[in-house]
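Summary of structural features
Residue strings, one per chain:
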Amino acid sequence: MPSRGGGGDRPAWRIWLGRAIKAGVLATFIGVAVVVGMFAYWGSDPKMPNVSRLDEYHPKQVTRILDRNNVPIGELGSEKRTVVPYSAIPKVMVQAVIAAEDADYFKHGGVDYMGMARAFITNVLRGRKAQGGSTITQQVIKNLLLTPERTMKRKVQEIILAHRLSDKLSKEEILGLYLNQIYYGHGRYGCEEAARYFFGKSIRDVDLAEAALLAGLPQSPERLSPRKHPEAAKARQRYVLGQMADHGYIARKEAERIAAQPIRLARETAAARGVAAEEVDVVAHTLAEKMGESAAFEAGTTVSTTLDARLQELARTSLEHGLEDLDARQGFRGPSGHVTGKLLDVQRRELGKTYQKFLKGSEIVEGIVIRFEKDATSPTNPKLGKLYVDVGAGAPSAPPPPEPAGRRTRAAKAPPPPPLEPPTREGVVDFSLEPRYAKGTKPVADRFKPGDLVRVRLAEDRPHTEDGPLPLALELGPQAAMVVMDPTTRELLALVGGYDYHAGGFDRSQRAHRQPGSAFKPVIYGAAIEAHRITPATILNDAPEVYELWKPQNYEKEEFRGPVRVRTALAQSINTVAIKVLSEVGLDQARAFATRVGVTSPIAPDVGLSLALGSLVVTPVELANVYATFASGGIVGQPVSIRAIGGEALPPPQLAPTLKPEIAYVMVSLMRSVIDEGTAHGAVAGKLRRPAAGKTGTSNGQRDAWFVGFTPDLLCAVWVGFDDMKKLGRGEAGGKTAAPIWADFMSKATAGRPTKDFAQPPGIVVQRIDKASGLLAAAGQESGTLDEVFLDGTAPTEHAAAGGGEEASPDKLLIQ
């Protein structure tokens with residue numbers, strides 16, 4: 001019988017089996033040869049990193065910014081990390097990480113081939129990446145030495161380097177690198193910063209529940225964040241606890257007990273909430289000057305500041321609530337107008353003119369509302385959604401070229417060319433990022449319609465694509481700034497640069513140059529008091545006068561009052577009297593006095609008598625510092641906010657006497673009347689039950705509103721205004737707009753503090769005077785009198801007529 005398949009008496013299946021075995025052996029040999037070749041070739045790559053680089057592990061670390069009580073208030077750094085030694089990491093954290101990421105970590109030599117095979121099979125069966133096969137050692141290599149690309153070459157080099165690293169470093173050293181390098185979400189790198197952020201404690205102090213939560217985060221830090229997705233974080237924590245029980249690190253009952261407990265997170269710190277972003281900018285600038293730009297953001301130093309975290313939060317809250325009240329009062333939460341037809345075309349052309357400045361973040365424009373889209377993820381919330389706005393895009397499009405001659409027929413007449421319109425560029429306002437303007441009883445969706453005008457600026461701090469909508473921020477209402485300092489030391493206690501201020505923004509507390517208006521009057525009055533040209537009891541005439549074709553008016557053109565005492569004139573902020581005081585003391589002397597008490601901004605040589613009404617420009621911190629000179633008894637100095645860098649104390653501010661204490665005291669006394677009976681009385685009365693002094697200010701055209709006030713040991717300056725000099729609105733002024741913000745802050749900031757009065761220095765005399773005449777009270781006079789303060793030797797010597805009340809001649813009572 002003939003053989004089957006030509007193989008003698010062997011069955012066909014044996015023949016095919018033999019062939020298959022030979023082919024398998026050959027394929028295996030070829031596969032091994034290829035793998036060995038790849039490892040040999042890519043392993044000899046001269047550009048492959050050397051694991052010796054990890055001997056000097058110096059990662060980017062966070063610069064921590066502390067307040068005066070060592071409370072964290074800010075951070076600097078692209079990677080928020082604090083490196084800790086392996087010995088500081090508790091055993092429970094190590095066990096949780098091993099159980100979650102690499103159960104055989106202490107057994108393998110850097111690569112777990114069985115684990116890689118299991119992960120490969122699982123991923124194939126599930127049709128997606130459900131497991132990772134990388135060991136902790138491989139992850140260290142991937143994060144510290146290799147690029148993130150996913151190629152066969154990178155994987156081979158990762159395995160080679162993992163073996164080399166295992167030969168070079170101990171398991172504990174490698175695990176220390178991993179726990180200090182890995183990302184945990186929310187900008188936190190390394191287990192120390194993660195523990196601080198989520199639990200408000202060092203990694204040294206975490207318990208089992210906290211360790212299990214942290215160990216599970218690196219798999220997907222954003223998706224598993226307990227702050228954003230608590231349910232997903234809890235599920236991952238349960239998994240880690242189960243793994244720890246499976247590998248004998250904890251008892252099963254203990255794992256079940258912890259898994260049944262809710263996640264407990266610490267309240268986000270002032271640093272994480274960004275309450276002191278203004279000081280973060282100050283520190284960044286200072287460190288960049290001292291250490292260089294990169295070192296400032298990577299050195300991981302600690303900076304101690306003079307700020308007070310509690311006062312900083314109070315200041316920001318008071319300022320933002322004050323602006324919200326102003327928004328509601330003036331209707332600043334809606335559109336500024338509406339355009340249709342030809343006005344729409346005109347507005348688009350106007351937008352085109354300023355578009356390039358707008359792209360640089362230097363222009364606020366009135367964009368045209370295109371549409372409003374409700375938030376798809378929260379359709380039932382009418383206060384969330386996106387407002388799409390036309391912000392212009394430059395010059396009109398070019399007209400179409402004319403047709404060649406001879407193309408037209410006599411019967412056909414060419415249609416008129418379409419009107420030229422500038423191309424539009426769409427921007428988008430995300431109301432989830434606009435807490436100020438999402439407020440209000442009327443839903444955002446009902447506030448805006450196509451054709452409405454809204455004031456917007458480019459939100460440079462928000463990401464955007466070249467072709468997509470530009471990110472916009474609303475600028476419907478005005479901005480504000482606040483400066484809080486200890487007037488006796490010049491240490492800054494709080495800085496607020498604007499509503500919802502973020503680091504890198506325009507800090508109005510230190511950079512906004514604005515007219516102080518009547519808030520500058522104490523400087524003029526102080527110069528005249530020092531020169532013995534006036535006293536608090538001097539009578540000056542509130543009457544219209546013309547100065548070189550300039551006829552000054554009082555606020556809102558109120559009626560003139562006739563003869564008034566200096567105290568009343570300052571308390572009621574009477575413009576005509578302030579000009580008379582400046583005229584009496586002289587511009588040169590007033591300018592010199594201003595420089596001595598802390599004015600650093602230039603005063604124009606031709607400023608004229610309008611200086612009495614605050615026609616120069618100053619910053620809020622500068623004006624606060626001027627008032628601190630009065631509050632401190634005549635001491636001048638520069639404000640400071642940094643105490644120490646890296647444990648090295650900085651020199652304290654240089655303080656020096658510039659005014660006699662008695663002159664400062666008279667000015668403080670005069671400014672107390674502003675609160676007791678003057679322009680700030682309505683805003684402050686009943687809210688601050690302690691001695692306080694200050695002055696309101698409203699610049700020309702109601703473009704700036706100020707109040708600067710102080711107690712003996714706490715000073716606060718508030719400014720409110722539009723960045724582009726728009727008017728604040730009818731009725732807005734220092735006493736109505738800025739003083740309420742000041743009063744709200746100061747009442748809370750001083751709560752529980754002992755009440756202090758301003759100490760009266762030598763060189764002051766107190767005399768009872770007749771209010772009407774400014775003379776000494778008549779013998780036996782009881783009504784119409786008050787106790788007035790004078791520099792020694794400047795009190796009036798004449799007595800009022802019997803019974804008092806007789807007005808005196810202004811010229812007669814001027815001190816010569």
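Residues numbered from 1 in each chain as written. Predicted model: local features only at pLDDT ≥ 70, side-chain atom pairs only at ≥ 80, totals over all residues. Heavy atoms only, no water.

Looking now at the packing of aromatic side chains. For any pair of aromatic rings, geometry is given as the distance between the ring centres together with the angle between the planes. Using the criterion set out here, one finds 9 aromatic pairs in the structure. Ring geometry for Tyr197 versus Phe198: centroids 5.0 Å apart, planes at 75 degrees, classification edge-to-face. You'll find Tyr197 and Phe198 in the same group, each marked buried. Three or more aromatic residues joined by ring pairs form one cluster here, namely Tyr197, Phe198 and Phe199. Looking at Arg371, its charged tip hangs above the ring of Tyr388, at a distance of 4.1 Å from the centre. (Phe/Tyr/Trp six-rings, centres within 6.5 Å; stacked < 30°, edge-to-face > 60°. Buried < 20%, exposed > 50% of the residue type's maximum accessible area, 1.4 Å probe, protein only. Lys NZ or Arg CZ within 6 Å of the ring centre and 35° of its normal.)

Although it is not a glycine, Asn70 sits at a positive phi angle of roughly 65 degrees. Position of Asn70 relative to the elements: it lies in the loop between β1 (63–66) and β2 (72–76). The exposure class assigned to Asn70 is exposed, which follows from its relative accessible area of 55%. A positive phi angle, near 55 degrees, is found at Gln702, a position not held by glycine. (Helix = DSSP H or I, 4+ residues; strand = E, 2+ residues; numbered from the N terminus.)

The next point concerns the sheet that holds strand β23 (residues 714–721). As summarised here, the arrangement of the 5 strands in space is β14-β13-β23-β22-β21, forming an open sheet in which the pairing is antiparallel. If you trace the sheet from one side to the other, it starts and ends with β14 (491–496) and β21 (693–698), each paired once. The average angle at which neighbouring strand axes cross in this sheet is 10 degrees, direction not considered. Bridge count for strand β13 (residues 479–486) against β14 is 5 bridges, and the pairing is antiparallel. The residue of β14 that forms the bridge with Asp486 is Glu491. (Pairing = 2+ DSSP bridges. Axes fitted to C-alpha atoms, helices over the stretch in contact; angles between N-to-C directions.)

For the rest of this paragraph, the subject is helix α7 (residues 190–199). For α7, a buried count of 9 out of 10 residues is recorded, marking the element as mostly surrounded by other parts of the structure. Restricting attention to buried positions, one finds in α7 the residues Gly190, Cys191, Glu192, Glu193, Ala194, Ala195, Tyr197, Phe198 and Phe199. Following α7 by one or two positions, Gly200 has its phi on the positive side, about 65 degrees.

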